Amino acid sequence: MVEARSRHEFVAVQLRKRIMQRRYAVGESLPSESMLCAEFEVSRGPVRQALATLKNEGLIQLSQGKPAVVRSHDITQTLDTFTPFTQWAHRTGRTAGSRTLEIARRRVSEPAARALGAAPDDFVVEVLRVRLLDGEPTMLERSTFTDRVGSLLFEFDIDSGSITDYLTSRGVRFESMEHVLDAVAAAQAEAEHLGIAPGSPLLRERRTSRDQHGDIFEYADDRYRPDLVAFSIVNARTVDPRSPSGDSNGL
C-alpha cells in the first residue's frame, strides 16, 4: 500500500508512463475514476489530484462527469506555475542532469543589464549549463544573477542539482516571474552543446525573477530543443469590464 502523502504522485507516475508509452491513443479515454480507485486502492482524492497533475502537463483533458481523455503523448512544461527543471523532470518520471560550462563573476553585459536594472560597472554572476533529460542534452541554460544572490552559488556544486532549490534553501525567494517565449536558430556552439545541427530551431524562454520585495535578481535566457520539451500556458477567459453583464462573448 502506498503512503497517503504520496498516493496521488504514485498514481500520476503510473498513468503518465502508460500515456508516454502510447498505451492510450490521443483522443482515447482513460479508465473512469472509480476504476482507477479500484486499481490503485486509493480514494477519489488522490486519483483526482493525479489527473489534475497530468492535465497541467498537457497530457490529458478533463470534462466534468466524463473520463479523462488523452490529449498528447508529450509532456509540457507549464508557465502558470513555476516548477524548476529538476523537479519537473522528477515529476515526469525522468532523470535531470547538468553539465556546467561556465560559472563566473564579471561585469554585467547587455541585455542582462537592462533586465536587472544594473549599472555598467555592477558585478553579476553568470552560469552557463547544459541541462539533460535521461542523459540527453535538452536545454542550454544561461542565468545571470545579481552579485548578492549569485555569490551564493560558489558554495554549491551546481552539477549536483537544482540552482533554484539551493537558492531557496539559502533564503532567496522566487516570488514571481515574467516569461517571454520565442524561437531562435541554434548557433554553432549551441548546436554542438545540444547535439543538433547548426540552424536547428530552439525554443527560447527569457525569464526575470523577483523576490518578495519586487526586486529582480535573476535574468535567464534558456534555449530548449522543441523535440524534447514544449510549454503549456493555461488562461482564464478575460471579462470585458465595459460589458454591464461582464459577458465577453462579443466576438
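Because the structure is a prediction, the values reported are computed rather than measured.

A. Quick peek at the pairing of strand S6 (residues 136–146). When you tally the buried positions in S6, you get 9 out of 11 residues, the bulk of the element. When strand S5 (residues 123–133) meets S6, the two strands line up antiparallel, connected through 10 bridges. Note that in S6 the partner of Glu126 across the bridge is Thr144. Hairpin remark: S5 followed by S6, antiparallel, with 2 residues in the connecting loop; positive phi at Asp134, about 55°. Across 7 bridges, the pairing between S6 and strand S9 (residues 216–224) is antiparallel. Bridging across to S9, Phe145 finds its partner in Glu218.

B. Focus on the pattern of salt bridges. Scanning the model with the defined rule gives 22 salt bridges in all. In this structure, the salt-bridge partner of Asp182 is Arg204, at a minimum N-O distance of 2.6 Å. Remark: Arg204 occurs in strand S8 (residues 201–210) and Asp182 occurs in strand S7 (residues 176–185); sequence separation between them is 22 residues. Overall, the relative accessible area of 14% leaves Arg204 in the buried class. Overlapping salt bridges bring together Arg142, Glu190, Asp221 and Arg223 as one network.

C. Highlighting the nonpolar core. Core analysis: the largest hydrophobic core is formed by 18 residues, its most contacted members being Leu15, Ile19, Leu30, Leu51 and Ile60. For this core, the secondary structure elements donating two or more residues are helix H1 (7–20), helix H2 (33–40) and helix H3 (44–56). Among residues more than four places away in sequence, those in contact with Leu51 are Leu15, Leu30, Glu33, Leu36, Ile60, Leu62 and Ala68. Residues Phe145, Ile163, Val172 and Phe217 belong to the second largest nonpolar core, which totals 14 residues.

Scoring rules and cut-offs
- Residues numbered from 1 in each chain as written.
- Predicted model: local features only at pLDDT ≥ 70, side-chain atom pairs only at ≥ 80, totals over all residues.
- Heavy atoms only, no water.
- Buried < 20%, exposed > 50% of the residue type's maximum accessible area, 1.4 Å probe, protein only.
- Helix = DSSP H or I, 4+ residues; strand = E, 2+ residues; numbered from the N terminus.
- Pairing = 2+ DSSP bridges.
- Salt bridge = Lys/Arg side-chain N within 4 Å of Asp/Glu carboxyl O.
- Core = buried A, V, L, I, M, F, W, Y, C linked by side-chain atoms within 4.5 Å.
- Contact = heavy atoms within 4.5 Å.

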